[in-house]
Amino acid sequence: MTTRPAAASGTTHADVAVIGAGIVGLAAAWRLSQRGLRVALVDPSPAAAATHAAAGMLAPVSEVRYGETALLRLGMASLARYPDLVAELEASTGVVVGLRREGTLIVATDAGDRDLLNELQAFQTSLGLSATLLTSHECRGLEPMLAPEIRCGLLAASDHSVDNRRLAAALLAAISATDVDLVSATVASVTTHGDRAIGVTLAGGGQITAATTVLAAGPWCATLPGIPDDARPPVRPVKGEILRLRTRPNTALPGHSIRGFVNGHEIYLVPRADGELVVGATVEDAGFDTSVRAGAVREMLRDARAVMPSIDELELVEAIAALRPGSPDNAPMIGPTGLDGLLVATGHHRNGILLAAITADLVADLVSGESVDRELLEAVSPQRFALTRTSS
Ligand code: GLY
């Protein structure tokens, strides 16, 4: 890998220009380079924003929602790729990524929450997913720190987690062993020539020309200049505030990831092997605002405490907000747009870390012209939002 600042002027060439070095852009650039393609990956702050803030849940079973079965299939397919992805990254970089396979325990605190949990279990069962209903006693047998008020639980044994910050660091390290050109610059616009995307123009004036441009800039795909309206993915920022806590002397963390229904609110607690506990997250349409609201911190701590009272004794080390890229149906958009030469990989909403594995493979398959899983690709095609060019 070469890392370079933005060229003030001048033109460089690549086979593929990837805009955005969040988890999706990083993984895609790495996979593209493994296919022998020359990649320029452009981002002023790699591995930042939602990639940095995320909790790292790999939890398609516990997060399944009505009407989102295509997203579930994609999530399951991506989760299945994680063990090999992590093994490959750890072997090639020496960075321990922190994949945890203890499973996810979903718990309910009041009668209404118990109904929500029962509905979730019925829906999961109707989809052939495995999630085991547990009594309050069984939940506390698995996780003794749970509140005595917990009414019942559901164990999604196949839902895991990964340390997203370590994963991003591992991808950066893996990329550094390739010839990916990591360009530390802001993209001023997608460059077009006639009816084709031909690369990017950098703030400062430099150009990168490329046969294929991959738009992986999360919610900023909505505002990036140079994309014709009929090729622009309908992505919007979805704000999430999230906390990081840490063990102090004589404190401990749960072994499982815990999701809680608390008086109708949802909260999650994701433990790391190094003593960190990630607690989140809000889901708000608030434009590009990334301020942290005091009330959001209070509400998350309140709900986390209702699940596990001992969080009171942990150290609060971080409260941040970041922007998820939301799509109209909560599934990502991966594939060609209405503009020749422009591919999109965004809209991963609450599942960016989970879906990075399969997104990277799909992008690499598409760009390199190798066989593509048509069924998966159809479910995530940007064309489902009628991104078709009207001839001029
Ligand atoms: N994946 C959890 C979140 O976006 O909050």
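Keep in mind that what you see is a predicted model, and the values were worked out from it rather than measured.

(A) Local environment of the overall build of the protein chain. Of regular secondary structure, the protein chain possesses 9 helices and 19 strands. On C-alpha atoms alone, the protein chain measures out to a radius of gyration of 21 Å, which is about the 21 Å that the 2.2 N^0.38 rule sets for 392 residues. The buried share of the protein chain, reckoned over its 392 residues, is 55%. Within the structure as shown, the protein chain displays about 15,200 Å² of accessible surface, and the carbon and sulfur contribution to it stands at 53%. Measuring between centres, the 32 positive side-chain charges of the protein chain sit 2 Å from its 43 negative side-chain charges.

(B) Region of interest: the site of the ligand. Surveying the vicinity of the ligand reveals the residues Met-57, Tyr-268, Ala-281, Arg-324 and Arg-350. Here an oxygen atom of the ligand and a side-chain polar atom of Tyr-268 are 2.6 Å apart. Here a nitrogen atom of the ligand sits 2.6 Å away from a polar atom, N or O, in the main chain of Arg-350. The protein chains hide 87% of the 200 Å² of surface that the ligand would expose on its own. Tallied by class, the residues present in the shell around the ligand amount to 3 nonpolar, no polar and 2 charged.

(C) Representation of helix H1 (residues 23–34) in the model. Taking 1.5 Å per residue as the helical rise, H1 with its 12 residues ought to reach 16 Å, and the 17 Å between its terminal C-alpha atoms agrees with that figure. Most of H1 sits inside the fold, with 11 of its 12 residues counted as buried. Taken together, the buried positions of H1 are Ile-23, Val-24, Gly-25, Leu-26, Ala-27, Ala-28, Ala-29, Trp-30, Arg-31, Leu-32 and Ser-33. Directly after H1, the chain includes Gly-36, whose backbone phi takes a positive value near 85°.

(D) Just the packing of helix H3 (residues 69–93) against helix H6 (residues 164–176), in detail. For the pair H3 and H6, interaxial distance at closest approach is 9 Å and the crossing angle is 55°. As far as their axial angle goes, H6 and H3 are oblique. Between H3 and H6 lies a crossing of left-handed hand. Seen from H3, the contacting residues are Tyr-82, Leu-89 and Thr-93; seen from H6, they are Leu-167, Ala-170, Leu-171, Ala-173 and Ala-174. Here the contact of H3 with H6 is built from residues that sort into 7 nonpolar, 1 polar and no charged.

(E) Expanded view of unusual backbone geometry. Cis geometry marks the peptide bond from Gly-280 to Ala-281; its omega dihedral reads -15°. The topology assignment puts Ala-281 in the loop between strand E16 (276–280) and helix H7 (294–307). Phi at Ala-47 is positive, roughly 60°, even though this residue is not glycine. In this structure, Ala-47 sits in the loop between strand E3 (39–42) and helix H2 (49–53). Residue Ala-47 is classed as buried on the basis of its relative accessible area of 15%. Its identity as a non-glycine residue notwithstanding, Asn-330 has a phi of 70°, on the positive side. Structurally, Asn-330 can be placed in the loop between strand E17 (315–326) and strand E18 (333–336).

(F) View of the packing of aromatic side chains. All told, the structure shown has 2 aromatic pairs when counted by the stated rule. Seen from their ring centres, Trp-220 and Phe-288 are 6.0 Å apart, and the 40° between their planes marks the pair as tilted. Residue Trp-220 is found in the loop between strand E12 (207–215) and strand E13 (236–246), and its partner Phe-288 is found in the loop between E16 and H7; the two are separated by 68 residues along the sequence. Using a relative accessible area of 39% as the deciding quantity, one classes Trp-220 as partly exposed. For Phe-288, a relative accessible area of 37% translates into the label partly exposed.

(G) Structural view of the pairing of strand E15 (residues 265–271). Across the 7 residues of E15, 5 count as buried, placing the element largely inside the fold. In the sheet, strand E14 (residues 257–262) pairs with E15 via 5 bridges, with the strands oriented antiparallel. When the sheet's bridge partners are listed, Ile-258 is paired in E15 with Leu-269. Joining the antiparallel neighbours E14 and E15 is a turn of 2 residues, in which Asn-263 adopts a positive phi near 50°. Pairing between E15 and E16: 4 bridges, direction antiparallel. Each bridged residue has a counterpart across the sheet, and for Leu-269 the counterpart in E16 is Val-279.

(H) Looking closely at the pattern of salt bridges. Under the definition given, this model contains 28 salt bridges. One salt bridge connects Glu-88 with Arg-31, and the closest N-O pair in it is separated by 3.1 Å. With Glu-88 in helix H3 and Arg-31 in helix H1, this residue pair connects regions lying 57 residues apart in the sequence. Here Asp-303 makes a salt bridge to Arg-302, at a shortest N to O gap of 3.0 Å. Of the residues examined, Arg-302 reaches a relative accessible area of 39% and is grouped as partly exposed. It is possible to trace a salt-bridge network through shared partners that takes in Asp-163, Arg-165, Arg-166, Arg-244, Arg-246, Arg-272, Asp-274, Glu-276 and Glu-318.

(I) Broad picture of the environment of Ala-54. Position of Ala-54 among the secondary structure elements: in the loop between H2 and strand E4 (57–58). Looking at Ala-54, the relative accessible area reads 17%, which means it is buried. With 187 residues separating them along the chain, Ala-54 and Glu-241 place their C-alpha atoms 9.6 Å apart. Those residues in contact with Ala-54, other than ones at most four positions away along the chain, are Asn-164, Ile-242, Arg-244, Arg-272 and Ile-353.

What counts as what
Residues numbered from 1 in each chain as written. Predicted model: local features only at pLDDT ≥ 70, side-chain atom pairs only at ≥ 80, totals over all residues. Heavy atoms only, no water. Helix = DSSP H or I, 4+ residues; strand = E, 2+ residues; numbered from the N terminus. Rg over C-alpha atoms; globule rule 2.2 N^0.38 Å. Buried < 20%, exposed > 50% of the residue type's maximum accessible area, 1.4 Å probe, protein only. Areas by Shrake-Rupley, 256 points an atom, 1.4 Å probe, with all protein chains shown as cover. Lys, Arg positive; Asp, Glu negative; His and termini not counted. Charge placed at Lys NZ, Arg CZ, Asp CG, Glu CD. Near = heavy atom within 4 Å. Polar contact = N/O pair within 3.5 Å; in protein donor to acceptor, adjacent residues only side chain to side chain. Nonpolar A, V, L, I, M, F, W, Y, C, P; charged D, E, K, R; others polar. Expected span 1.5 Å × (residues − 1). Axes fitted to C-alpha atoms, helices over the stretch in contact; angles between N-to-C directions. Parallel < 35°, antiparallel > 145°, perpendicular 65-115°, else oblique. Left-handed = near helix turned anticlockwise from the far one by under 90°. Contact = heavy atoms within 4.5 Å. Phe/Tyr/Trp six-rings, centres within 6.5 Å; stacked < 30°, edge-to-face > 60°. Pairing = 2+ DSSP bridges. Salt bridge = Lys/Arg side-chain N within 4 Å of Asp/Glu carboxyl O.

These results come straight from atomic positions and should not be treated as a statement about function.
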